[in-house]
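If you want the building blocks of each chain, they are given just below.
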Amino acid sequence: STSTSTSITMTSTVSLATTSNPNTVCSASLITSPTTLSTNPSNTQYNNNMSCSWTITAPTGYVPVVTITAFSTEANFDFFKVFDGPSSTNIYPLLSTSGTLSPLPSSLVASTGVVFITFTSDHSIISTGVQADITFAAIGSVTPSNPSNQNCSASAITVNGTVLSTNAASTQYANYMTCSWTIVAPAGYLPVLNFTAFDTESGYDYLTVYDGTSASAASISRTSGATAPKALVGSGSTLYVTFTSDHADVAGGVQATVSFLPLGVVVPTNPNWMCSGPSVISVNGTAISTNPAGTQYNNYQSCTWNITAPAGQRPKITFTAFATESNYDYISVFNGTSVAAPRMLYVSGTKMPAAVTATGPAMVEI
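Residues numbered from 1 in each chain as written. Predicted model: local features only at pLDDT ≥ 70, side-chain atom pairs only at ≥ 80, totals over all residues. Heavy atoms only, no water.

1. Notes on the overall build of the protein
So the rule is basically this: Numbering of helices and strands starts at the N terminus; helices are DSSP runs of H or I of at least 4 residues and strands are runs of E of at least 2. In this scheme, a residue with accessible area under 20% of its type's maximum is buried, one over 50% is exposed, and one in between is partly exposed, where area comes from a 1.4 Å probe on protein chains only. Note on areas: Shrake-Rupley with a 1.4 Å probe; residue coverage comes only from the protein chains shown. Working convention for charge: Lys and Arg count positive, Asp and Glu count negative, and His plus the chain ends are omitted. For charged residues, the charge sits on one atom: NZ in Lys, CZ in Arg, CG in Asp, CD in Glu.
Looking only at helices and strands, the protein features 1 helix and 27 strands. Dimensions of the protein, computed from C-alpha atoms along their principal axes, come out at roughly 80 × 50 × 35 Å. Here the protein holds 366 residues, and the buried ones make up 43% of them. Total accessible area on the protein stands at roughly 17600 Å², and carbon and sulfur atoms take up 52% of it. Treating the 7 positive side-chain charges of the protein as one cloud and the 14 negative ones as another, the clouds have centres 28 Å apart.

2. Some thoughts on the sheet that holds strand 25 (residues 343–347)
Spelled out, the test is: Strands qualify as paired when DSSP identifies two bridges or more between them.
The strand order across the open sheet built from 5 strands is 21-22-27-24-25, with neighbouring strands paired in mixed fashion. Pairing within the sheet leaves two strands with one partner each, and these edge strands are strand 21 (280–281) and strand 25. Bridging between strand 21 and strand 22 (residues 304–307) involves 2 bridges; their strand directions are parallel. Looking at strand 22, one finds that Ile281 is bridged to Ile307.

3. Regarding unusual backbone geometry
With an omega of 0°, the peptide bond between Ser102 and Pro103 qualifies as cis. Among the secondary structure elements, Pro103 is positioned in the loop between strand 8 (93–97) and strand 9 (108–109). With phi around 60°, Asn49 is a residue other than glycine that occupies positive phi space. Its place among the elements puts Asn49 in the loop between strand 4 (35–38) and strand 5 (51–57). Even without being glycine, Asp249 reaches a positive phi, approximately 70°. Residue placement: Asp249 occurs in the loop between strand 19 (238–244) and strand 20 (253–262).

4. Comments concerning the sheet that holds strand 17 (residues 219–223)
On the basis of which strands lie adjacent, the open sheet formed by 5 strands has the order 12-14-19-16-17 and mixed pairing. Edge positions in the open sheet fall to strand 12 (156–157) and strand 17, since each of these has one partner strand only. In this structure, strand 14 (residues 178–184) lies alongside strand 19, joined through 7 bridges in antiparallel fashion. Bridge pairing in strand 19 places Cys179 opposite Phe243.

5. Some remarks on the packing of aromatic side chains
Quick reminder of the rule: Note on aromatic pairs: the rings of Phe, Tyr and Trp (six-membered ring only in Trp) are paired at centre separations within 6.5 Å, and the planes decide the class, stacked below 30 degrees, edge-to-face beyond 60, tilted for the rest.
One pass over the structure, following the stated rule, counts 9 aromatic pairs. Centre to centre, the rings of Phe319 and Phe322 are 5.8 Å apart; their planes meet at 85°, and the pair counts as edge-to-face. Accessibility expressed as a relative area gives 11% for Phe322, which makes it buried. Summarising the aromatic geometry, the rings of Tyr330 and Tyr346 are spaced 4.1 Å apart at their centres and angled 5° between planes, so their arrangement reads as stacked.

6. Quick look at the environment of Ser29
Going by this rule: In this description, contact between two residues means that some pair of their heavy atoms is separated by no more than 4.5 Å.
With respect to the helices and strands, the residue Ser29 is situated in strand 3 (residues 29–31). Since its relative accessible area comes to 16%, Ser29 is described here as buried. Through-space distance from the C-alpha of Ser29 to that of Ser224 is 34 Å; in sequence the pair is 195 residues apart. When sequence neighbours within four positions are dropped, the list of residues in contact with Ser29 reads Ser53, Trp54 and Thr55.

7. Re the state of the cysteines
Basically, it comes down to this: Only a pair of cysteine sulfur atoms within 2.5 Å counts as a disulfide in this structure description.
Counted according to the given criterion, the structure contains 1 disulfide. The disulfide partner of Cys275 is Cys303, and the gap between their sulfur atoms is 1.8 Å. Residues Cys275 and Cys303 are joined by a disulfide whose S-S torsion is about -75°; by sign, that bridge is left-handed. Taken together, the positions of Cys275 in the loop between strand 20 and strand 21 and Cys303 in the loop between strand 21 and strand 22 put the pair 28 residues apart, joining distant regions of the chain. Assessed through its relative accessible area of 22%, Cys275 is described here as partly exposed. According to the relative accessible area criterion, Cys303 is buried, its value standing at 1%.

8. A closer look at the pairing of strand 24 (residues 331–334)
Consecutive side chains along a regular strand alternate between the two faces of the sheet. The two faces of strand 24 match: Ile331 and Val333 on one face and Ser332 and Phe334 on the other face are all buried. Taken together, the 4 bridges between strand 24 and strand 25 define a ladder with antiparallel strand orientation. Across the sheet, Val333 pairs through a bridge with Leu345, a residue of strand 25. Across 3 bridges, the pairing between strand 24 and strand 27 (residues 362–365) is antiparallel. Across the sheet, Ser332 pairs through a bridge with Glu365, a residue of strand 27.

9. Points about the side chain of Asn167
Turning to its location among the elements, Asn167 is positioned in the loop between strand 13 (163–165) and strand 14. Residue classification places Asn167 among the buried positions, given a relative accessible area of 3%. With residues up to four places along the chain from it excluded, the contact list for Asn167 reads Asn151, Gln172, Tyr173, Gly252, Gly253, Val254 and Gln255.

10. A closer look at the nonpolar core
The condition is simple: Only buried residues count toward a nonpolar core, which is a set of Ala, Val, Leu, Ile, Met, Phe, Trp, Tyr and Cys residues joined through side-chain atoms within 4.5 Å.
If you look at the biggest cluster of nonpolar residues, it comprises 29 residues, and the most contacted ones within it are Trp54, Ile56, Val66, Phe80, Val82 and Ile117. The set of elements that each furnish at least two residues to this core consists of strand 5, strand 6 (62–72), strand 7 (79–83), strand 8, strand 9, strand 10 (114–120) and strand 11 (129–138). Setting aside its immediate chain neighbours within four residues, Phe80 contacts Leu37, Thr39, Trp54, Ile68, Phe71, Leu95, Ser96, Thr97, Ile117, Thr118, Phe119 and Val130. Ile157, Leu193, Val209 and Leu239 belong to the second largest nonpolar core, which has 25 residues in total.

Here it is in structure tokens:
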């Protein structure tokens, strides 16, 4: 075997048809392009017992803008609500009202890329409903309607010494906040976050720091309460930070100073930064390592590599150095691409394992 600043204008119309079961046509509607949203077709009347929801997602670099052009519902019973985020749970309501509105409200501008809208009607008395134009505006070209998120400091941070704050303009942060910051270090540097103040509602209002460009990256801190995390260091050029607060109780908030330090001067917070070699391997002779030469691996480290050989060949893993804490820190090799596959090797200590050859794709894990 072988080793191996302007807005996008309205372009279409979406409405909800009347049926014997109104919920079959109005719920779970996803809007990703400019349109007109309607609770009822042809400007007639909506139905009783309706329960509609729309999720509006803007293109990258834009925020949704909701402009109501008609509004008439049964007062105090049939409600139209617009939330500044992806759901109605602990999200700031940009609008929650019923009745006949005159004058109509100003355009509702989201503070993030997503808006969630609901409409509900009860069992009796209907009206002509709600019409709204959905457009998208470039970030920075419009002011968000959510006053809470206006307390968040600038979301893009590239300057050494910048202060990240959840409440830059007041003594306490607000309810219903959803802030995010992207911290990007210059080439050859790592981003560092040093906390100078930390006070949030414990168990409810969280600051989360991700070791990458989005919330899909590894989380290196998720904290609430009055104890600040230690300094957090990215393993790459970018940290992504979020702060969310619920509907009740606020506190003094979070202040942190951003700095950039040269590679090699600081140790990244994410213990897995030492894992070297591509996570998916298909090239003969590729080297993988739990830690750079001359160093030791970290506590709480978890590395995984998936290995696929070219057609007609099989992966062979040959160890060139091996030293782990005996009976605690294990290397596993699986004859497949997940931990559900048969395990061919499970070893710790300082004795060099023999080479392992898989019958097909393989996975190595520490």
